[in-house]
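What the coordinates show
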Amino acid sequence: MKIKVRVSHEEDTKYASLICKKIQESAKIRGTGIAKKDPEYIKSKMIHGNAVIAFCDEKLAGFSYLDIFQNKEFVVNSGLIVFPEFRKQGLAKLIKVKIFKLSREKFPNSKIFSITTSNPVIKINTELGFKPVSFSELTQSEEFWKGCKSCANFDILTRNQRKMCLCTGLLYNPYTNTKKINKKNNYFSCLSYGDKIVLAYSGGLDTSYCLRYLIQQKYEVHTVIINTGGFKKNELEKIEERAISIGSKSHKTIDAIEEYYQNCIKYLIFGNILKNNTYPLSVSSERIFQAIKIAQYATFIQSKAIAHGSTGAGNDQIRFDIAFQIVCPEKITLSPIRDMKVSREEEIEYLKNQGISICWDQAKYSINKGIWGTSIGGKETLTSYHDFPEEAYPTKLSRKKSENLELEFEKGEIVSVNKEKGTAIKNIINIEKIASKFAIGRGIHIGDTILGIKGRVAFEASAAIIIIKAHHLLEKHILTKWQLYWKEQLSNWYGMLLHEAQYLDPVMRDIEKFLKSTQERLTGTVYIILYPYRFHLVGIKSKFDLMASSNIAQYGEMNYAWTAEDVKGFTKILSNQMKMYHNLKKIKLK
């Protein structure tokens, strides 16, 4: 069944009489409710866009409208009707949510109320943030209460001097419910005072602003950070201290390094993946795993919403939002900085006014560090022509004398560094420690963002670059021509899809299976020389080396498996189609 709920317009006035009839019939069956509505009244609501109308398979199925009282102090959501044949499809909730959002958009500063005898409607309103209240807290407009005269229970209302009736009064107050009314944006979410929110917290300016802002709005905020290899123990402790000092109800650090390696880095190595032949997807590959773990944590502590500090101009907002929608679709996603378009200067000023000053305005560059590399953003990366200064890179050149490096792989995974065995994670950290002293792995990546704009970012990723290049060299010796060719095609797709937040698409698991299958014989040692700012791949040793193990021929030298006549016959057959093509070219076209 195809359901459509939208704001009404003038063409819908043809339905006004039928809607009034259905409202009257429904009220008569229930024995409560407003029994009669004038079609002209309903038409006026439709014409002015103050009503919503629902269709099921293009058939009229439901309706509701809003009205304003006391100089827009109050907005009523009323006249809810779902035609009998379309009930029990969840349509009432869709209509209620739509009319509520319409009310909030058109009258963001107004209190919204509803009176009803329907328990399901009371439940829906409560979920939207309405609170049961006495009639004295609703509008005192005589115009509104006149409308109750057509109700079968009007005498009950009048006998009780309009203090109570069979209906329940429900009120949504945008101030006590802590809905943010911002001069830039009607920041809307279906949250109420005290609701639990999980905030992805890195300890930086953006997430610190989000933390303080959400706390000030009277939400119960719990912070979480996912460590994918970018933090030392003391750094994580400082981040937790900062979160608690700002006001976080609790803080959780989740270690996801091993999971990140097993589910992503390993395949980035198997695929020799460098975005645009330059960037090892350092940060972009981390975000999806951080988002998944955050979503799982939010489910574990039963929060109603998840918040992140992304801006509206980057890729991370997409990665977070998509993961949250898939892993925990029932939760509300908040992104205050994006939604309210808060500038960096406004964030700093706000936190200073809140008594939180951590010298963020003195930081010239934004740093995102992980086990697979560090990205760096600054004023130079906002242009197309400024070089990135030496001092902007977190790791400085400290070793100028060349050094040998020996990496051993087993089935595509790195198992030792300079003959010292270790886990893949330990080996990556060890390579980074050795190679970063040479300032190796620096670069500036220019790429296409998910949003369609060009982006420029500096990075340093000595371990990632060296491992990928060493692994690729080993593959050149071990894999066949067509394995190398198709690996390159699928690896490019894998990197692009990962970058563009498509990690949870099942095609990624399919590509991973292919990449893993190509690594069965990828065992051997790669020899490298490190120099300041660069490295040299010397060569490899492997029992699966197709070059060293071949007793067929040596390229450019001697062959042992074919004769000169074999080659002549082979070239004749190989050139047949090209000969036919070029012979036909000699025929003049008339």
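Higher on the page you've got the structure.
Thoughts on the pairing of strand E21 (residues 454–460)
In the case of a regular strand, side chains alternate between the two sheet surfaces. Where strand E16 (residues 373–377) meets E21, three bridges bridge the pair, whose relative direction is antiparallel. When the bridges of E21 are listed, Thr374 appears paired with Glu460. Here strand E20 (residues 442–448) pairs with E21 via seven bridges, running antiparallel. Paired with His445 across the strands is Val457, a residue of E21.

Things to note about the pattern of salt bridges
A complete count under the given rule lists 26 salt bridges for this structure. One salt bridge connects Lys93 with Glu127, and the closest N-O pair in it is separated by 3.2 Å. With Lys93 in helix H3 (residues 91–106) and Glu127 in helix H4 (residues 119–127), this residue pair connects regions lying 34 residues apart in the sequence. Exposure remark for Lys93: the relative accessible area of 41% places this residue in the partly exposed category. Relative accessible area serves as the criterion here: at 32%, Glu127 is assigned to the partly exposed category. The residue Glu420 makes a salt bridge to Lys426 at a minimum N-O spacing of 4.0 Å.

Here's the deal with the sheet that holds strand E10 (residues 196–200)
Hydrogen bonds between backbone atoms are what pair the strands of a sheet, whose relative direction is either parallel or antiparallel. Read across the open sheet, the five strands follow the order E12-E11-E10-E13-E14; overall the sheet is parallel. In this open sheet, the two strands that pair with only one neighbour each are strand E12 (250–255) and strand E14 (332–334). If you compare each strand with its neighbour and ignore which way they point, the axes differ by 25 degrees on average. The sheet contact formed by strand E13 (residues 305–307) and E14 spans three bridges and is parallel. Paired with Ala307 across the bridge in E14 is Leu334. Running at roughly 140 degrees to strand E11 (residues 220–227), helix H10 (residues 282–300) makes contact with E10, E11, E12 and E13 of the sheet.

As for the packing of aromatic side chains
Under the counting rule described, the total for this entry stands at 23 aromatic pairs. Ring centres of Phe74 and Phe113 lie 6.0 Å apart, and the angle between their planes is 80 degrees; this geometry places the pair in the edge-to-face category. Remark: Phe113 occurs in strand E5 (residues 111–116) and Phe74 occurs in strand E4 (residues 74–82); sequence separation between them is 39 residues. Exposure class is identical for Phe74 and Phe113. Each is buried. A network of ring pairs unites the aromatic residues Phe69, Phe74, Phe113, Phe135, Phe144 and Trp145 as a single cluster. The lysine or arginine in question, Lys22, covers the ring of Phe83, its NZ or CZ lying 5.2 Å from the ring centre. The ring of Tyr503 carries Arg509 above its face, with NZ or CZ at 4.2 Å from the centroid.

Some thoughts on the side chain of Lys22
Structurally, Lys22 is set in helix H1 (residues 16–30). Put simply, Lys22 is tucked away with no salt bridge, and the nearest opposite charge, on Glu25, sits 4.2 Å away. If we skip the residues at most four places from it in the chain, Lys22 touches Ile81 and Phe83.

Let's talk about the environment of Asn272
Positionally, Asn272 belongs in the loop between helix H9 (257–270) and H10. Asn272 sits in the buried class, given a relative accessible area of 15%. Along the backbone, Asn272 and Thr571 are 299 residues apart, and their C-alpha atoms lie at a distance of 34 Å. With near-sequence residues (within four places) excluded, Asn272 lies in contact with Ile468, His471, His472, Glu475 and Lys487.

Some details on the sheet that holds strand E15 (residues 366–370)
If you trace the four strands from one edge of the open sheet to the other, you get E15-E16-E21-E20, paired in antiparallel fashion. What marks the edges here is a single partner per strand, and that holds for E15 and E20. Here the average twist between neighbouring strands, direction ignored, is 25 degrees. Strands in contact with H10 are E15 and E16; relative to E15, the strand with the most contacts, it is inclined by about 70 degrees.

About the cut-offs
Residues numbered from 1 in each chain as written. Predicted model: local features only at pLDDT ≥ 70, side-chain atom pairs only at ≥ 80, totals over all residues. Heavy atoms only, no water. Pairing = 2+ DSSP bridges. Helix = DSSP H or I, 4+ residues; strand = E, 2+ residues; numbered from the N terminus. Salt bridge = Lys/Arg side-chain N within 4 Å of Asp/Glu carboxyl O. Buried < 20%, exposed > 50% of the residue type's maximum accessible area, 1.4 Å probe, protein only. Axes fitted to C-alpha atoms, helices over the stretch in contact; angles between N-to-C directions. Contact = heavy atoms within 4.5 Å. Phe/Tyr/Trp six-rings, centres within 6.5 Å; stacked < 30°, edge-to-face > 60°. Lys NZ or Arg CZ within 6 Å of the ring centre and 35° of its normal. Lys, Arg positive; Asp, Glu negative; His and termini not counted.

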